[in-house]
Amino acid sequence: MAFRSEETRNRLLNLLKDPVLLLTIIIIFAALAIFIVYPIFKVFSASLIDKNGQFDLSAYTKAFSNRYMRQGFFNSLLVAGLTAFFGMLIGYIFAYTINRTDIPLKGFFRTVAVLPIVFPPFIGALSIIMLFGFNGFITAGIFGIRNFPVYGLWGLMMAQVVCFFPVAFITLDGVIGTISPTLEDAAFNLGANRWQAFRKVILPMSIPGIASTMLVLFIESLADFGNPLILAGSKFPVLSVQAYLQITGMYDTRGGAALAVWLLFPSIVAFIIQKYWVGKKKYVTVTGKPTTSVLKSVNRPVKWLLFSLCMLMAAFTLAIYATIFWGAFVKAWGMNNTLTLENFRYVFDVGLEAIKDTLIIAFTSTPISALLGMVIAFLLVRKIFPGRRLMEFTSLLSFAVPGTVIGIGYILAFNTKPFLLTGTLAILVLNFVFRYVPVGIQSGVALLNQVDPAIEEAAYTLGADNRQVFTRVTLPLIVPAFFSALVFAFVRAMTAISAAIFLVSARWNLITVQILSQSDSGRLSEACAFSVILIAMIMAFILVLKIFLKNKVSLSGSESMGQG
Amino acid sequence: MSLILKNVRKVFTSYSVETVAVDNFDQVIEKGQLVTLLGPSGCGKTTTLRIIAGFEIPTSGRVLLEERDVTNLPPNKRNISMVFQSYALFPHLTVEENIAFGLKLKRLDRSEMRRKIVEMTDLVGLKGLEKRRPDQLSGGQQQRVALARSLVMEPSVLLFDEPLSNLDAKLRETMRLEIRRIQQEVNITSVYVTHDQVEAMSISDVIVVMNQGKVMQIGSPFDIYARPENSFVADFIGRVNFIDGTVESVDGDTVVVSAGATGNKIIGKRGTELVPGKPARVVLRPESLSDRKEERINSLSGKVLKYVFLGSNVEYELELSDGRKINAVTYNPVERKLPVVGRETELYFSRESAWVIRV
């Protein structure tokens, strides 16, 4: 190997001299290769290579010649596009109204807009059926309509918008919240009216945020599995569900893999645009001093119009979740509305194992995922080593890869030696660890970028090696990122479905799978009871963590991290 | 010989553009010395310091610490401590825990650790603040913690990276004296980076003036000020007048320079190699100019353009007959009367204060 300079050689030699660091990097690379790259590769190879090891495109031609499958592809893109647009729009209205007007109940709106994040993503679908379906509370119960078209495009889109608009709100809240009101003052001062100030200043400045949000929602919607499984119906096929049915229903692994590849492409394209193109176009208007200015972005009628829109959406969101709670306590939704605890008895009868399994899996995968996220963030921000960019890309990749693809990849990759894991606890835990690690990495990277590197350098000069610097200095400093990663990974592990549905077995089952199968067989009240228990456990976890953090860990460290 | 830098060179490459940050830095630093690296921002002083600390690996050259080659040794194995510009205290630890951080890594026994921490808090004046967290301390106190944390390790060399630049002017002066006192008390070899010349003058045994990666001059504060080897050093430290001319004759360390259009002959002291007939530059500090002849053998005359009365002294600008401008300072103006704008004035200076260098 020819080294460009002595310096490069020295760097590599130093890496060799630090076995802990070197080993960590190698292990992480190996793990990313095995648990993220290899399964995706298996999906490709399964779809492209036939039983005899010959290159063969028949899985694709077969899928493409089937009108139904073709329709699935276009439907997926259509729903994803619509969900991205409407989810963004509602998120924008919320973020704008909360940041730019002096409406009452801001705290309430903020909570409602963030809350759905901790709920299982397909609860929206369940609830929409209960409200608008055949026995729907609103359609059948109030209006007496029996054939409201809830199955298909509009129902699915509604469910997805409800469950994904919080993602849009959080991003756009950050974008609009950091646009200084003095910019509007300046626009007014230069003779603009309110509408012109919005159109010429606020809107252009939030374009990168809007684009980024829409791409993220697009990816989420494409990857969504629970909602379409419940709502898409046979008349409105979508890719993620078709891939699943192809494998579990038709035992056609190759066909399923081919559909998964179709699903993968738009997601990856959107991810790359989001990360490497839109992600770089940000307007930064941080001025150090907080600027206070009287809010006067909109006039009174517009303000109350925005307020009403937010209220409407909030009411709808709350109705969705209230329906689930109510549904858990009635005998048979839409037919016999007597209150009962019967459903919960049923859940504990049938589903106790699934509840236990879910908790075991979540509690094992969550800390590993969060810690791994911090280690990778530390390496990415603070260390120079060959392949750093590659590590970043692969570790964030699992965010972009739809769960269905990963699920199919896992069953293909880990059903033979040397990685025989099918049916074990390990396959579920590993899947969750690597699927939910990107959020930990991103929050770790964001926080670490604000920590003065001199703090860690000081530790080195005082004799600490890499491991000691990480455990004694870095980790305590990025503890807030660690805990937010912990919460996120826990919520996701508890509510996971798309990849997990391929990996559950008789021995290891999940509550989410139970909810889907209950609602599939029409036992909506039982599905609701499962959901209520799931939500209760998530809330309890977050609550306990909050209390624990208040008493135990001082987070004040983050306020005095030197000048970054 | 505590610390030796041998031909240290550092080149940064970004997008295949090479920038020489440090160019052939060669210096021996003796035990117990405080050496300051002084220069404008981007001159390579901080890079040099980071090479000594081990955060940067030099492109070529060696770093020797107590006769051991440490060029490729990671920072934690060097026994070199550093005091950072941003203090870099561990925000999640108390004062005491910050100081104990390195000792714990060394697995020192408890009573020994206790003793050292008490000794150190005494030395730097932090008694009574042991249980506080960094965010409950003032800037000056934080800097004391940073100093204590580094000193307690009894390092072979202590590094300072602009340690006072985040303090206000008054505190900076006190801390400067504090650092010098403590450094001399424990007799620790130190390398100190600053861009503030007053700071450098007041605490250093040796000053290394750097510019664009190159060492411009190494010397005591007096030498750097009174005997600059080049225009950069003369200009960077303090205020200065340059009078350019031609070397007329050289006799030992006495030089005669004919000062261009004015036709004046200046008898000065030779600062560098000089050849008769070649251009030379007379370095003249404003305070060397006096309105009294006394023993002074050189003189300049010109018109007073303007003056600024500053209480203890008066600064004024003189225009020579060829249009060149000269700055002068007189002290004790109460005794001496103020200059009059527009009046022809004659100023005198000695041979010793006319320092002649090559251009």
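Residues numbered from 1 in each chain as written. Chains lettered and ligands numbered in written order. Predicted model: local features only at pLDDT ≥ 70, side-chain atom pairs only at ≥ 80, totals over all residues.

**Comments concerning the overall build of chain A**
Here's step 1: When you go through chain A residue by residue, the secondary structure sums to 25 helices and two strands.
Here's step 2: For chain A, the C-alpha radius of gyration of 25 Å lies close to 24 Å, the compact-globule estimate for 564 residues.
Here's step 3: Overall, the C-alpha framework of chain A stretches about 80 × 75 × 50 Å when taken along its three principal axes.
Here's step 4: Looking at chain A residue by residue over its 564 residues, the buried ones come to 48%.
Here's step 5: Counted over contacts in chain A with a minimum sequence separation of 6, partners at least 24 positions apart contribute 80%. (Helix = DSSP H or I, 4+ residues; strand = E, 2+ residues; numbered from the N terminus. Rg over C-alpha atoms; globule rule 2.2 N^0.38 Å. Buried ≥ 20, exposed ≤ 12 C-beta atoms within 10 Å, placed from the backbone. Contact = placed C-beta atoms within 7 Å.)

**Thoughts on the overall build of chain B**
Here's step 1: Helix and strand content of chain B: nine helices and 19 strands.
Here's step 2: Expressed as lengths along the three principal axes of its C-alpha atoms, the size of chain B is roughly 75 × 50 × 40 Å.
Here's step 3: By the burial criterion, 40% of the 359 residues in chain B qualify as buried.
Here's step 4: For chain B, contacts bridging at least 24 residues in sequence account for 66% of all contacts bridging at least 6.

**Things to note about the packing of helix 15 (residues 342-382) of chain A against helix 19 (residues 437-448) of chain A**
All names here are of chain A.
Here's step 1: Contact geometry for helix 15 and helix 19: axes closest at 7 Å, N-to-C directions at 45 degrees. Classified by the angle their axes make, helix 15 and helix 19 are oblique. The two elements helix 15 and helix 19 meet at a crossing, and its hand is right-handed. Touching Ser369, Ala370, Leu372, Gly373, Met374, Ile376, Ala377, Phe378, Leu380 and Val381 of helix 15 are Val437, Gly440, Ile441, Gly444, Val445 and Leu448, all from helix 19.
Here's step 2: For the contact of helix 15 with helix 19, the residue count by class is twelve nonpolar, four polar and no charged. (Axes fitted to C-alpha atoms, helices over the stretch in contact; angles between N-to-C directions. Parallel < 35°, antiparallel > 145°, perpendicular 65-115°, else oblique. Left-handed = near helix turned anticlockwise from the far one by under 90°. Nonpolar A, V, L, I, M, F, W, Y, C, P; charged D, E, K, R; others polar.)

**Things to note about the pairing of strand 3 (residues 34-38) of chain B**
All names here are of chain B.
Here's step 1: Here strand 3 lies mainly inside the structure; five of its five residues are buried.
Here's step 2: By the alternation rule, side chains of strand 3 split into Leu34, Thr36 and Leu38 and Val35 and Leu37, which are all buried.
Here's step 3: Across four bridges, strand 3 lies against strand 9 (residues 206-211) in parallel orientation. By the bridge assignment for strand 9, Leu37 is matched with Val208. (Pairing = 2+ DSSP bridges.)

**Quick notes on the sheet that holds strand 2 (residues 17-29) of chain B**
All names here are of chain B.
Here's step 1: Strand order in the open sheet formed by four strands is 2-1-4-5, and the pairing between neighbours is antiparallel. In this open sheet, the two edge strands, each paired with only one partner strand, are strand 2 and strand 5 (68-69).
Here's step 2: Judged from the nine bridges that link them, strand 1 (residues 3-14) and strand 2 form a sheet pairing that is antiparallel. Note on strand 2: the bridge partner recorded for Lys10 is Val22.
Here's step 3: Where helix 1 (residues 45-53) meets the sheet, its contacts fall on strand 1, strand 2 and strand 4 (60-65), and the angle it forms with strand 2 comes to roughly 65 degrees.

**Focus on helix 24 (residues 511-520) of chain A**
Residues and elements named next belong to chain A.
Here's step 1: With eight of its ten residues buried, helix 24 lies for the most part within the structure.
Here's step 2: All of the buried residues along helix 24 are Ile511, Thr512, Val513, Gln514, Ile515, Leu516, Gln518 and Ser519.
Here's step 3: Immediately beyond the C-terminal end of helix 24, within one or two residues, lies Gly522, with a positive phi of roughly 80 degrees.

**What about the pairing of strand 1 of chain B?**
All names here are of chain B.
Here's step 1: Taken together, strand 1 and the strand that follows it, strand 2, pair antiparallel across an intervening segment of two residues, in which Tyr15 is found at a positive phi of about 50 degrees.
Here's step 2: Relative to strand 4, strand 1 is paired through five bridges, and the arrangement is antiparallel. Considered in strand 4, the bridge of Leu5 is made with Val63.

**Considering the environment of Thr46 of chain B**
All names here are of chain B.
Here's step 1: Mapping Thr46 onto the fold places it in helix 1.
Here's step 2: Owing to 21 C-beta atoms within 10 Å, Thr46 belongs among the buried residues under this scheme.
Here's step 3: Remark: the alpha-carbon pair of Thr46 and Thr272, spanning 226 residues in sequence, is separated by 29 Å.
Here's step 4: Not counting residues up to four positions away in its chain, the partners in contact with Thr46 are Asp161 and Val193.

**Considerations on the packing of helix 2 (residues 19-48) of chain A against helix 17 (residues 403-413) of chain A**
Residues and elements named next belong to chain A.
Here's step 1: The interhelical angle for the contact between helix 2 and helix 17, taken along N-to-C directions, is 85 degrees, at an axis separation of 8 Å. Relative to helix 17, the element helix 2 is oriented roughly perpendicular. Contacts from Tyr38, Pro39, Ile40, Lys42, Val43 and Ala46 in helix 2 reach Val405, Ile406, Ile408, Gly409, Tyr410, Leu412 and Ala413 in helix 17.
Here's step 2: Taken together, the residues of the contact of helix 2 with helix 17 sort by class into eleven nonpolar, one polar and one charged.

**As for the nonpolar core**
The nonpolar side chains of a soluble globular protein tend to be buried with one another.
Here's step 1: Leu126, Ala260, Ile408 and Ala500 of chain A together with Ile52 and Leu159 of chain B are the most contacted members of the largest nonpolar core, which totals 264 residues.
Here's step 2: Sorting elements by how many residues they give to this core places helix 8 (residues 153-177) of chain A first, with 14 residues. (Core = buried A, V, L, I, M, F, W, Y, C linked by C-beta atoms within 7 Å.)

**Quick look at the confidence of the model for chain A**
All names here are of chain A.
Here's step 1: On average, residues of chain A score 85 in pLDDT, and 92% of them reach the 70 mark or higher.
Here's step 2: Element-level mean pLDDT values for chain A span from 67 in helix 1 (residues 6-17) up to 93 in helix 18 (residues 425-435).
Here's step 3: This model gives residues 285-290 a pLDDT under 50, and the stretch forms five contacts once residues within four places in sequence are excluded.
Here's step 4: With pLDDT under 50 throughout, residues 552-564 is counted as low confidence; its partners more than four residues away or in other chains account for 31 contacts. (pLDDT = per-residue confidence, 0-100.)

**Topic: the sheet that holds strand 9 of chain B**
Within a sheet, neighbouring strands are paired by backbone hydrogen bonds and run either parallel or antiparallel to one another.
Residues and elements named next belong to chain B.
Here's step 1: Here we have six strands laid out as an open sheet, ordered 6-7-8-3-9-10, and mixed in their pairing. Each of the sheet's edge strands pairs with one partner strand only, and the pair in question is strand 6 (80-83) and strand 10 (214-219). On average, adjacent strands in this sheet sit at an angle of 20 degrees to one another, irrespective of strand direction.
Here's step 2: Taken together, the four bridges between strand 6 and strand 7 (residues 157-161) define a ladder with parallel strand orientation.

**Focus on helix 19 of chain A**
All names here are of chain A.
Here's step 1: Helix length check: helix 19, at twelve residues, gives a terminal C-alpha distance of 16 Å against a target of 16 Å (1.5 Å per residue), a fit within 8%.
Here's step 2: Buried within helix 19 are the following residues: Val437, Pro438, Val439, Gly440, Ile441, Ser443, Gly444, Val445, Leu447 and Leu448.
Here's step 3: Of the surrounding secondary structure, the elements contacted by the buried residues of helix 19 are helix 15, helix 16 (388-400), helix 18 and helix 22 (479-495). (Expected span 1.5 Å × (residues − 1).)

**Things to note about unusual backbone geometry**
Residue and element names in this part refer to chain B.
Here's step 1: For Glu66, which is not a glycine, the phi torsion comes out positive at approximately 45 degrees.
Here's step 2: Tracing the chain through its elements places Glu66 in the loop between strand 4 and strand 5.
Here's step 3: With 14 C-beta atoms packed within 10 Å, Glu66 lands in the partly exposed category.
Here's step 4: Positive phi values are uncommon outside glycine, yet Asn79 reaches one of about 60 degrees.
Here's step 5: Mapped onto the elements, Asn79 comes out in the loop between strand 5 and strand 6.
Here's step 6: Overall, Asn79 belongs to the partly exposed group, with 17 C-beta atoms counted inside 10 Å.

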